[in-house]
Amino acid sequence: MKKWSFVLIAALLVLSQILAACAPVATPTEQVATEAPVVEPTKAPVVEPTKAPVEPTAVPEPTKPPAPVEILLWAQATVTEAGAPPDDWIAYKRILDELNIELTYVIVPTGEDGEAKLNAAAAANDLPDLFQAVSASGDNRGALKRLVDLGLVAPLDDLMPLMPERVKLHYNDPLLISLVTFNGQLYGLPEPPPLPKREGFVIRKDWLDKLNLKVPTTPEELLAVAKAFTEQDPDGNGKNDTYGLGGFLVGQGLGNRFDMLMGAYGVPGIWNFSDPANFGLNVRNSKYPEALAFFKSLVDAKVIDPDWPTLKRDEFRARWKQGLFGIMWEDFAALSNKSNYTPFDENFPNGEWIPVAAPVGPHGDASYGVYTGRGQIFAISQKAADAGKGEAIARLLEWMATDGYYLLGFGEEGVNYIIDANGNISTEGLDPAQAYTSQERQPFTQMRNQLVFYNSPQEITARYPTYNTSNGRLMEPMKFLEFFQAQPWVDGRGIQVILPPANAADFDRFYSEGILQFVLGQKTLNETTWAEYLAGLDALGAADYEATAKQNLIDAGLIE
Amino acid sequence: MLQTRTRDAVIFQIGIAIFLTILLLMILIPFWRVIVTAVIPLDIYTKEGVPFFLSPTKWTSEAFRQLLTHSMFPRAALNSVIITVLGTAISLFFTVPLAYGLSTRSMPGRKVIMTFVLLTYLFSPGLIPVYLLITGMKLTNNYLAIILPPAVSVYNTLVMMGFFEGLPEELKESARLDGANELQVLLHIILPLSKPILLTIGLFYAVFFWNEFFTPILYLNDSNLTPLPVLLRNILISASFNEYVEYNAFSSSSLESLKSAGVIITMLPMFFIYPWIQRYFTKGTLVGGVKE
């Protein structure tokens, strides 16, 4: 009996030992269960070829394969908190009935977690059939390229003719196509970027009117208006509690939220995309220190919210809603969409933001910023292609752009949306809980921003409807978007082929801190100090970085 | 002489008291700030930031309401409870016999097994081999994918082993003399005396499983299985990207308030369990760590 007890304990011990072998480092150990209960996956891993065997008869192409093709899709969510659609989602049924495809849709997390999940699957050669390239740094093309180099992604050239409507609506940008073409073969499906050029320069019209000022058209006029907003009590509350300009840092150097100021000097963004012959870092341009000097004059005049170097986006947005400043750079939807605009409207029923054109600088330059055109990229795993699923995936994607478009983007007509007499999507007369805009319906349209929408006018009008503010003024978010998009932007889509240098952290730190030190007055800005700054960048390999970036652009056919 | 000693003792006590007070404040102030941030109304937050003190009449539970009334919250909380309870039970089930076996000096091959246990402590298998193992065992979309890999912690095993070794050998011997086998000794003699260490190690495991975040992301593809930490993360991501969410964006709470409310909600269960176990906690860890 005693021996048996030892045997039992020893057996448990060995089992525990095996489990311990696979515990994460965080809680020191782990192991592997030798007989862990096996749970069947939600879908059987049976792979059916999409093409039926060739019959000796004259029938060349059977319309449907005999058994449903199972397709596993990994994509990010449009509304991460809402979760995936339920198993009885009508779209699953229609996809099965109409396409003979059994779709499993898995929502992949954003950022580093999503990247780690995808990388783990790639390392295990277990990539899903159709998946979204995920990169924490936003370098989706780089993420795809790494998988292509590992031979895990299938070329797609043969599939493109199978989805003509989708190609026409989604994959119609030659530049984006060229960015996902490696060694002459297409490996990625570049979805249209989510509403390009959607941010812009806006000003408080009610403040301008109160102080009898005109919309600024040059950097100097902007400084004068900002000064008036700071010193002349534009909100009339009798307190000295306003600033001219508000902003925060996002990205390197001064970030992209002050690009309209840098653009007035012809140096928006990090790279000089506007002059391919002299491609390189914008800081090489002699106008760059001039632009910094102007920015410093805003700081010196104390007309910019002094917290701008440390402010977070959320805090920045809270401040304009509280009327702290009257000039800013903002996303059109974050500014004017009803849910985002309401707090401002409640605080200032007569407040009004209007868009402003790009200021024209002393040398005649004007630019709103740099358009990078980063969008989602989807790919098909080599494993799926080897299993003969390519054609079925093409069929599914084509359906998403045609017959399934409204279902995946808005829901069922008459239940979740209607199309009004003007051809616009509407929810008028529908049960609010069933309307496609309701919180309850968000799981059913999770794919919309990733695989369905392509920025059609009908789509955008539906997503950003007009409404009346509390004082009855008509608010049209689309007007802001149209104005912003009509401004001069530098085409910087080539940034997608520029890879960060090996010492990116050091380089970025020196680059950004140096610029901030100049505009904050921590370092004197003159020819000598500027030359020292450039020499410091060169010591960190700036010249090599520029040369490599230029070569990548040449190789991608983006510059000559 | 006596006076000097008394004065030194008083100074020492005052010094200790000051030191402990500072230490306490260092812990309490961030905690207090999290609470204030969670209940601060949006208009005050946007105007003044987060003040140190908030008027008792100016606070809001809006951030908690937004999180707790989320349609997926009950399911996510239940998932977390299942993972925690099941994970803790399974972990203790494996850890107790391993620790007892290793604490029994007469067990054949004890040193070899101990070496293997310690090897797993020193060398982690890494993410990919574990991922291959889990997917190979078809455990994707199964709570066991979260529970089994960390089911036995070597650290916890060693602490428990130390506790078992500290129990009087005579107790085991007398039981054996009465005819009890090792399993009976473990179940009827050792475990009733081991409540402190079981609760302590159980707490360690429970906290670990309650906070599990990355492995659910890796292995649970079905959103119905999402545990609480993952759901809270998703809500925060949505809130921080509200310009892209055209419909029903958060607007009545700041992102910081939601974050703080999320921290408090996730912390609460452990916050209530901890004091209950605390009386055993010190004894459990100390007895496990000291060898006479």
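Bear in mind the structure is a predicted one, so any value in this text is a computation, not a measurement. (Residues numbered from 1 in each chain as written. Chains lettered and ligands numbered in written order. Predicted model: local features only at pLDDT ≥ 70, side-chain atom pairs only at ≥ 80, totals over all residues.)

Enquirer: Can you walk me through the environment of T469(A) in this structure?
Expert: Mapping T469(A) onto the fold places it in the loop between β15 (467–468) and β16 (474–475). Taking the C-alpha atoms as reference points, T469(A) and F273(A), separated by 196 residues in sequence, lie 40 Å from one another. (Helix = DSSP H or I, 4+ residues; strand = E, 2+ residues; numbered from the N terminus.)

Enquirer: Where do I start with unusual backbone geometry in this structure?
Expert: Excluding glycine, most residues fall at negative phi; most peptide bonds, likewise, are trans. Residue and element names in this part refer to chain A. Phi angles above zero are rare outside glycine, and N100 is one such case at about 60 degrees. Position of N100 relative to the elements: it lies in the loop between α2 (90–99) and β2 (101–108). Judged by local crowding, N100 falls into the partly exposed class, with 18 C-beta atoms found within 10 Å. Positive phi, normally seen in glycine, also occurs at D233, with a value near 50 degrees. Mapped onto the elements of the fold, D233 is located in the loop between α8 (219–231) and β8 (243–245). You can call D233 partly exposed: it has 17 C-beta atoms within 10 Å. (Buried ≥ 20, exposed ≤ 12 C-beta atoms within 10 Å, placed from the backbone.)

Enquirer: For this particular structure, what's the right way to read the sheet that holds β8(A)?
Expert: The strands making up a sheet are joined through hydrogen bonds of the backbone, oriented either antiparallel or parallel. Residue and element names in this part refer to chain A. Spatially, β8-β9-β7-β10 is the arrangement adopted by the four strands of the open sheet, whose pairing is mixed. Unpaired on one side and paired on the other, β8 and β10 (353–355) mark the two borders of the sheet. When the angles between neighbouring strand axes are averaged without regard to direction, this sheet yields 35 degrees. Of the pairings in the sheet, the one linking β8 to strand β9 (residues 325–331) comprises two bridges and is parallel in character. Note that in β9 the partner of Y243 across the bridge is F325. Taken strand by strand, α8 contacts β8 and β9, and its axis lies near 155 degrees from that of β8. (Pairing = 2+ DSSP bridges. Axes fitted to C-alpha atoms, helices over the stretch in contact; angles between N-to-C directions. Contact = placed C-beta atoms within 7 Å.)

Enquirer: What's the story with helix α21 (residues 527–539) of chain A in this structure? I'm lost.
Expert: Residue pairs three or four apart in sequence face the same way in an α-helix, which turns once every 3.6 residues. In this model α21(A) runs 18 Å from its N-terminal to its C-terminal C-alpha over 13 residues, within 8% of the 18 Å that 1.5 Å per residue would give. G541(A) occupies a position one or two residues after α21(A) and carries a positive phi of about 90 degrees. (Expected span 1.5 Å × (residues − 1).)

Enquirer: Would you take a moment to explain the pairing of β9(A) for this structure?
Expert: Consecutive residues of a regular strand have side chains that alternate between opposite faces of the sheet. Residue and element names in this part refer to chain A. Across the seven residues that make up β9, a large majority, seven, are buried. Across five bridges, the pairing between strand β7 (residues 199–204) and β9 is antiparallel. Residue pairing in the sheet places V202 in a bridge with M328 of β9.

Enquirer: Teacher, can you tell me more about the pairing of strand β12 (residues 377–380) of chain A here?
Expert: Residues and elements named next belong to chain A. Alternating residues of β12 divide into I377 and A379 and F378 and I380, and every residue in both groups is buried. Relative to β12, strand β3 (residues 130–132) runs antiparallel, the two being bridged by three bridges. Bridge pairing in β12 places Q132 opposite F378. Sheet topology places strand β6 (residues 189–190) next to β12; two bridges connect them, and they run antiparallel. Note on β12: the bridge partner recorded for P190 is I377.

Enquirer: In this structure, what is going on with the nonpolar core? I would like to understand it.
Expert: Nonpolar side chains tend toward joint burial in soluble globular proteins. Ranked by internal contacts, the top residues of the largest apolar core, which has 136 residues, are I71(A), L144(A), A379(A) and L396(A). There are two domains that each give this core at least three residues, and those are domain 2 (61–196 + 377–455) and domain 3 (199–367 + 491–555) of chain A. Counting 58 residues, the second-largest nonpolar core is a separate cluster that includes A63(B), L144(B), F164(B) and F209(B). (Core = buried A, V, L, I, M, F, W, Y, C linked by C-beta atoms within 7 Å. Domains from an automatic or database assignment.)

Enquirer: Please clarify how the confidence of the model for chain B should be interpreted in this entry.
Expert: A low pLDDT score tells you not to read the predicted coordinates there in detail. All names here are of chain B. Averaged over every residue, the pLDDT of chain B is 85; residues scoring 70 or more account for 89%. Within the model, the stretch residues 243–250 combines pLDDT values under 50 with 20 contacts to residues more than four positions away or in other chains. A low-confidence stretch, residues 288–292 (pLDDT under 50), is modelled with nine contacts involving residues beyond four sequence positions or located in other chains. (pLDDT = per-residue confidence, 0-100.)

Enquirer: I would appreciate a short explanation of the packing of helix α4 (residues 73–103) of chain B against helix α8 (residues 154–166) of chain B in the present structure.
Expert: The axes of two packed helices give the description: the angle between them and the distance between them. All names here are of chain B. Running from amino to carboxyl end, α4 crosses α8 at an angle of 55 degrees, the nearest separation of the two axes being 8 Å. Between α4 and α8, the crossing angle belongs to the class labelled oblique. The way α4 lies across α8 gives a crossing that is right-handed. Listed contacts from α8 to T95, V96, L98, A99, Y100, L102 and S103 of α4 are N156, T157, M160, M161, F164 and E165. (Parallel < 35°, antiparallel > 145°, perpendicular 65-115°, else oblique. Left-handed = near helix turned anticlockwise from the far one by under 90°.)

Enquirer: Looking at this structure, I do not really get the domain arrangement of chain B. What am I missing?
Expert: Residue and element names in this part refer to chain B. Domain annotation for chain B reports domain 1 (1–60) and domain 2 (61–289). Across the contact, nine residues belong to domain 1 and twelve residues belong to domain 2. Of all the secondary structure elements, the ones that give two or more residues to the side of domain 1 that touches domain 2 are α1 (2–39) and α2 (42–48). Element by element, the count of residues in the side of domain 1 that touches domain 2 is highest for α1, at five residues. Here the residues of the side of domain 1 that touches domain 2 are counted per class, giving seven nonpolar, two polar and no charged. (Nonpolar A, V, L, I, M, F, W, Y, C, P; charged D, E, K, R; others polar.)

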